[in-house]
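In case you want the letters, here they are:
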Amino acid sequence: MNKRLSILLLTAPSMIVLLGVFLLPMLLMLLLSFQNDEQAFSMENYLLFAKDPYYAEIMWRTIRVSLWTVLCSLVLGFPVAMFMAQATGKMRGIVTMLILAPHLISVVIRNFGWVVVLGDKGWINEVLLALGLIKEPLRLLYNELGVVIGLTDSFIAYMVLAIATSLYAIDPSLSKAASILGASRVRTFFTVTLPLSLPGLVAGTTLVFSLSMSAFVTPALMGGTSVKVMPVIAYEQIMATLNWPLGAALAFLLLGSTILLVTLYTRLIETKRYKEVFSS
């Protein structure tokens, strides 16, 4: 049997499933986004986004929250990835298990746990009030801070594992050579470790940003009615007001914005000073 025909037959079932449950519904939603109330072809749903500053503000809020989530995940996750890269195999497995263990629990339950912790009567505010550091509870929920905390908790594992994978591949002798040549630990990190870990860093930041842009449950539970993001607005247009064309248009605007920003980011990183790292 021809090799190409064998590959085609092996991949055909998965391609059919992908076409039926993903590509075809996406195409139907795309066509729906170009319809008006009379089901005629129209660009008014997309023009509404351009004309109404309300939707532009929601898009910018979605991007802002996603960028803060990426930054928090990177700052908190990079030291953990460094520890994993330098740890023994047994310890590395334990840390990996601890990172992945929370994902065995539903994201809804984890978010409700954060609501208990960050609420006005949560233990953080209770401790700060007991120590006299604050006079009234801090508002840690139903704002962008609460959403960023919830999203960071949900997606930091992707950042840690992506960076750790790149760090595993770095030859330890490079750091030793830099130390012998007189480089401090800080300089070694910025001139050796960080550049060589860029593929993992780019993969982690791209994953976290994309997932944060499309997150629905966490913004809905921890942002409430105060923090509206694009996935929540698209859901409300489709399920609450039954305005499917507008909801579909908002969903595709979100998808397009995410793809555009991720593409610009990866191209900027891969074509500049460290492009040799990605070609190796």
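**Student:** Lay out the pattern of salt bridges in plain terms, naming residues and giving numbers.
**Tutor:** As enumerated under the stated definition, the model contains five salt bridges in all. Lys228 serves as the salt-bridge partner of Glu236, at 2.4 Å between the closest nitrogen and oxygen. Judged by its relative accessible area of 28%, Glu236 is partly exposed. Several salt bridges converge on common partners, so that one network encompasses Glu57, Arg61, Arg64 and Glu144.

**Student:** Residue-level account of the packing of aromatic side chains, with values.
**Tutor:** Counted according to the given criterion, the structure contains seven aromatic pairs. Ring geometry for Tyr54 against Tyr55: centres 5.2 Å apart, planes inclined by 75°, an arrangement best described as edge-to-face. Judged by its relative accessible area of 8%, Tyr55 falls in the buried class. Between Phe155 and Tyr158 the ring centres are 6.3 Å apart and the planes differ by 50°, which places this aromatic pair in the tilted class. With Phe155 and Tyr158 both in helix α7 (residues 144–168) and three residues apart, the pair spans about one turn of that helix.

**Student:** Could you give an account of the environment of Leu28, naming the residues involved and the relevant values?
**Tutor:** The residue Leu28 is located in helix α1 (residues 3–32) in this model. Along the backbone, Leu28 and Ala248 are 220 residues apart, and their C-alpha atoms lie at a distance of 9.6 Å.

**Student:** Please give an account of the packing of α7 against helix α10 (residues 198–214) that cites residues and values.
**Tutor:** At a minimum axis distance of 7 Å, the contact between α7 and α10 shows a crossing angle of 160°. The pairing of α7 with α10 is recorded here as roughly antiparallel in orientation. Every pair of crossing elements has a handedness; the one defined by α7 and α10 is right-handed. Seen from α7, the contacting residues are Leu151, Phe155, Tyr158, Met159, Ala162, Ile163 and Ser166; seen from α10, they are Pro199, Gly200, Leu201, Ala203, Gly204, Thr205, Leu207, Val208, Leu211 and Ser212.

**Student:** Lay out the side chain of Ser42 in plain terms, naming residues and giving numbers.
**Tutor:** The topology assignment puts Ser42 in the loop between α1 and α2 (44–51). Beyond its immediate chain neighbours, meaning those up to four positions away, Ser42 contacts Ser33, Phe34, Gln35 and Asn36.

**Student:** Go over empty space enclosed by the protein, please, and point to the residues and values.
**Tutor:** For the coordinates displayed, the defined rule picks out one cavity of 30 Å³ or more. Along its surface, the largest cavity is lined by Thr62, Val65, Ser66, Val147, Leu151, Ser212, Met213, Ala215, Pro219, Val229 and Pro231. Broken down by secondary-structure element, the contributors of at least two residues to the lining of the largest cavity are α3 (53–86), α7 and α10. Residue classes in the lining of the largest cavity are distributed as eight nonpolar, three polar and no charged.

Analysis parameters
- Residues numbered from 1 in each chain as written.
- Predicted model: local features only at pLDDT ≥ 70, side-chain atom pairs only at ≥ 80, totals over all residues.
- Heavy atoms only, no water.
- Salt bridge = Lys/Arg side-chain N within 4 Å of Asp/Glu carboxyl O.
- Buried < 20%, exposed > 50% of the residue type's maximum accessible area, 1.4 Å probe, protein only.
- Phe/Tyr/Trp six-rings, centres within 6.5 Å; stacked < 30°, edge-to-face > 60°.
- Helix = DSSP H or I, 4+ residues; strand = E, 2+ residues; numbered from the N terminus.
- Axes fitted to C-alpha atoms, helices over the stretch in contact; angles between N-to-C directions.
- Parallel < 35°, antiparallel > 145°, perpendicular 65-115°, else oblique.
- Left-handed = near helix turned anticlockwise from the far one by under 90°.
- Contact = heavy atoms within 4.5 Å.
- 1 Å grid on protein atoms, 1.4 Å probe; cavity = no way out; pocket = protein on both sides within 12 Å on 5 of 7 lines; lining within 4 Å.
- Points joined across faces, edges and corners; volume = space filled by probe spheres on them.
- Nonpolar A, V, L, I, M, F, W, Y, C, P; charged D, E, K, R; others polar.

Just geometry here; none of it tells us what the structure is for.
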